[in-house]
Amino acid sequence: MPMIDVYAAAGTFSDPHTLAKDLAAAVMRWEQVPELPLFENNTAAFIHDLDPTAISNVAGDSNYVRVQVLTPFGVLDREKQLGVVAAAAGDEDLRDRTWVLLTESPDGGWGIAGHANTNADIAALARAALDAR
């Protein structure tokens, strides 16, 4: 159930809503979780439009994109990490200017509906949802 934050200068993306939906779907695919409301409703991307003056590298360039993908601890093996980074940096025009950070929440640090879930809690919720189908 990843959360994705994308930071870029305002106007970088022509359709931020579609980008957010596509990124959430791509990361969910790479995470290889079942298509259940539990995951579909709790996997989201947030597009943050920044004033271009709020971004700079050492040379003064402000045309970078920062993507941070937060997942529960241990859900992305190396192959999945590579896939998520490739999906997050997918736009050919932005690929060389896109920085992707993969971050893991500690086990028990993934809160949904006011409860801090462990990986075992999330797996149990998924099994119950699959059994209810």
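Placed above this text is the structure.
Chains are numbered independently. Their residues run from 1 in the order of the written sequence. This being a predicted model, a pLDDT of at least 70 is required before a residue's local features are given, and a value of 80 or more before pairs of side-chain atoms are given or counted; all residues contribute to the totals for chains, interfaces and linings. Derived side-chain values reflect all non-hydrogen atoms in the structure, with water molecules and hydrogen atoms excluded from consideration.

Bringing the nonpolar core into the picture now. Among buried residues, the Ala, Val, Leu, Ile, Met, Phe, Trp, Tyr and Cys ones that are joined through side-chain atoms within 4.5 Å form a nonpolar core. We call a residue buried when its accessible area falls under 20% of the maximum for its residue type, exposed when it is over 50%, and partly exposed in between, using a 1.4 Å probe and counting protein chains only. Counting 18 residues, the largest nonpolar core has Ile4, Val6, Phe13, Val65, Val67 and Val69 as the members making the most contacts within it. Mapped by element, the contributors of at least two residues to this core are strand E1 (3-9), helix H1 (16-31), strand E3 (65-72) and helix H3 (78-88). Helical segments are the DSSP runs of H or I of at least four residues, strand segments are the runs of E of at least two, and each set is numbered from the N terminus. Ranked by the residues each element gives to this core, the list is headed by H1, at four residues. Sequence-distant contacts of valine 65, that is, excluding residues within four places in its chain, are made with Val6, Tyr7, Ala8, Thr12, Phe13, Leu94, Arg97, Thr98 and Trp99. For this analysis, residues touch if any pair of their heavy atoms sits within 4.5 Å.

The salt bridge criterion pairs a side-chain nitrogen of Lys or Arg with a carboxyl oxygen of Asp or Glu, the two atoms within 4 Å. On inspection of all chains with the given rule, the structure shows one salt bridge. In this structure, the salt-bridge partner of glutamate 92 is arginine 95, at a minimum N-O distance of 3.1 Å. Assessed through its relative accessible area of 33%, arginine 95 is described here as partly exposed.

Working note: non-glycine residues mostly have negative phi, and peptide bonds are mostly trans. The backbone of glutamine 32 shows a phi angle near 60°, a positive value even though the residue is not glycine. Phi is positive for alanine 113, close to 55°, though the residue is something other than glycine. Relative to the helices and strands, alanine 113 resides in the loop between strand E5 (110-112) and strand E6 (115-117). A residue is classified by how much of its surface remains accessible, and alanine 113, at 80% relative accessible area, is exposed.

Turning our eyes to something else, we now look at the side chain of asparagine 57. Along the chain, the position of asparagine 57 falls in the loop between strand E2 (44-50) and E3. We define a polar contact as two N or O atoms separated by no more than 3.5 Å, with the added condition that, inside protein, one atom must be a possible hydrogen donor and the other a possible acceptor, whereas residues neighbouring each other in sequence contribute only through side-chain atom pairs. A polar contact is formed between the side chain of asparagine 57 and the backbone nitrogen of alanine 59, at a distance of 3.0 Å. Within polar-contact distance, the side chain of asparagine 57 engages the backbone nitrogen of glycine 60 at 2.9 Å.

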